[in-house]
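Reading the structure
Chain by chain, the residues run as shown.
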Amino acid sequence: MTYTTHRDTQATLHILDEADMDVAECTDIDLYKRFGLEEEYEVDQMTTWQRIKPKIWAVFEMPRSSVTAKCVALISIICVILSIVAYCFKTAPSLTTPSLQLTTGPFFNISLNTTALSYSSLATASQSFILVSSDPLAVTPHPAFLYIEFVCNIWFLFEFIIRLTVTDSLIGFLRSPLNLIEIAAVISFYVEVFVTLGLENQHSSPPPLIAKCAVELLSIVRVMRLFKLTRYISGLKILILTFKASAKELSLLVFFLMVFIVLFAALVFYAERLSLSPANDFTSIPIGLWWAIVTMTTVGYGDMAPKSYAGKDVCTVTLLTPLACERET
């Protein structure tokens, strides 16, 4: 083993050692020592809050420390999965209801959700109003998904408040990427709820589509809750730590990949441009970047292809370059 390999191995082990891997063998003295209460614990001079704070922290931060902690972790995992499933499936066209408008004249219309009326009331309303389809993009998810997300986010908010209350380091807690994701996800959900309710209360006009799109765009951060699973599944945590330990090598790989992408995009652009072919797909270097990315990653959509011999030569080299690099590694 060379010195460089030994040094890299030691650096990787150092990263793994710094990770707060959850273990079930955590004793009470270790737990109280984390909060700086080992002296009070030894002389048995602790307040009630000092006694229960580390234990509550262990329940929410160490999933395998006790049966209660395992139950809390299981609830969190179920809520994460249910919230992501509800977030994804509520966009399915078959699980949404179109918004309609009740119109009685050129100066009066009311936005209406078809799920808000029964068939009998809808028939009664149709005698006095005219049902007109609204914007096809203005659809409302099934209420069941809202209820699922609401229940899950109540648990997320409760869990976050408890963890924030019993944390041993407030600054470290707020600087954690997972906690920042959780803050953004909770805020995005309640902003969506309040904005949606506020827009629906404006009966004079349908909810502005741009406002709904902005709220939905903000809600994308909720998908990142999947990273919370790394707190409960050791395999995922080790995978993240592996990427962290290999960050230098991965950054070099991405750098050289970007260099080759730009190089081949420029080469294929000028090769096709000099051929003066009327069927030239490469009208600019940015378009060539898309082709180079698709080609070097061996995806090959086939939406663009060089027509000249020079362009085909560039394409051949572009195809063989990642294969040669993979063989070398």
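This structure is a prediction, so every number in the text was calculated from the model and none was measured.

**Describing empty space enclosed by the protein**
Inspection of the entire model under this criterion finds one cavity of 30 Å³ or more. The element contributing the most residues to the lining of the largest cavity is helix 9 (residues 177-200), with three residues. Considering only residue class, the lining of the largest cavity consists of one nonpolar, one polar and four charged.

**Let's talk about the packing of helix 4 (residues 48-61) against helix 7 (residues 143-166)**
The geometry of a pair of packed helices is captured by two quantities: the angle between their axes and the separation between those axes. In the contact formed by helix 4 and helix 7, the axes pass within 9 Å of each other and the chain directions differ by 135°. Considering the angle they form, helix 4 stands oblique to helix 7. Seen along the crossing, helix 4 lies across helix 7 with a hand that is left-handed. Residues Trp49, Lys53, Ile56, Trp57, Phe60 and Glu61 of helix 4 form the contact with helix 7, whose own contacting residues are Phe158, Glu159, Ile162, Arg163, Thr165 and Val166. Partitioning the contact of helix 4 with helix 7 into residue classes produces seven nonpolar, one polar and four charged.

**Points about the pattern of salt bridges**
On inspection of all chains with the given rule, the structure shows twelve salt bridges. Salt-bridge contacts for arginine 163 lead to glutamate 61; the nearest nitrogen and oxygen are separated by 2.7 Å. One end of the pair, arginine 163, is in helix 7; the other, glutamate 61, is in helix 4, with 102 residues separating them in the sequence. Assessed through its relative accessible area of 6%, arginine 163 is described here as buried. When its relative accessible area of 22% is taken as the criterion, glutamate 61 is described as partly exposed. A salt bridge links lysine 228 to glutamate 182, with the shortest nitrogen-to-oxygen separation between them at 3.5 Å. With lysine 228 in the loop between helix 10 (209-218) and helix 11 (234-245) and glutamate 182 in helix 9, the pair connects residues that are 46 residues apart, well separated along the chain. Within this structure, Glu61, Glu159, Arg163, Glu182, Arg225, Lys228 and Arg231 form a network of salt bridges that share partners.

**Remarks on the environment of phenylalanine 260**
Mapped onto the elements, phenylalanine 260 comes out in helix 12 (residues 247-275). For phenylalanine 260, a relative accessible area of 27% gives the class partly exposed. Taking the C-alpha atoms as reference points, phenylalanine 260 and methionine 296, separated by 36 residues in sequence, lie 8.7 Å from one another. When residues no more than four places from it in sequence are discounted, the contact partners of phenylalanine 260 are Met296 and Thr321.

What counts and what doesn't
- Residues numbered from 1 in each chain as written.
- Predicted model: local features only at pLDDT ≥ 70, side-chain atom pairs only at ≥ 80, totals over all residues.
- Heavy atoms only, no water.
- 1 Å grid on protein atoms, 1.4 Å probe; cavity = no way out; pocket = protein on both sides within 12 Å on 5 of 7 lines; lining within 4 Å.
- Points joined across faces, edges and corners; volume = space filled by probe spheres on them.
- Helix = DSSP H or I, 4+ residues; strand = E, 2+ residues; numbered from the N terminus.
- Nonpolar A, V, L, I, M, F, W, Y, C, P; charged D, E, K, R; others polar.
- Axes fitted to C-alpha atoms, helices over the stretch in contact; angles between N-to-C directions.
- Parallel < 35°, antiparallel > 145°, perpendicular 65-115°, else oblique.
- Left-handed = near helix turned anticlockwise from the far one by under 90°.
- Contact = heavy atoms within 4.5 Å.
- Salt bridge = Lys/Arg side-chain N within 4 Å of Asp/Glu carboxyl O.
- Buried < 20%, exposed > 50% of the residue type's maximum accessible area, 1.4 Å probe, protein only.

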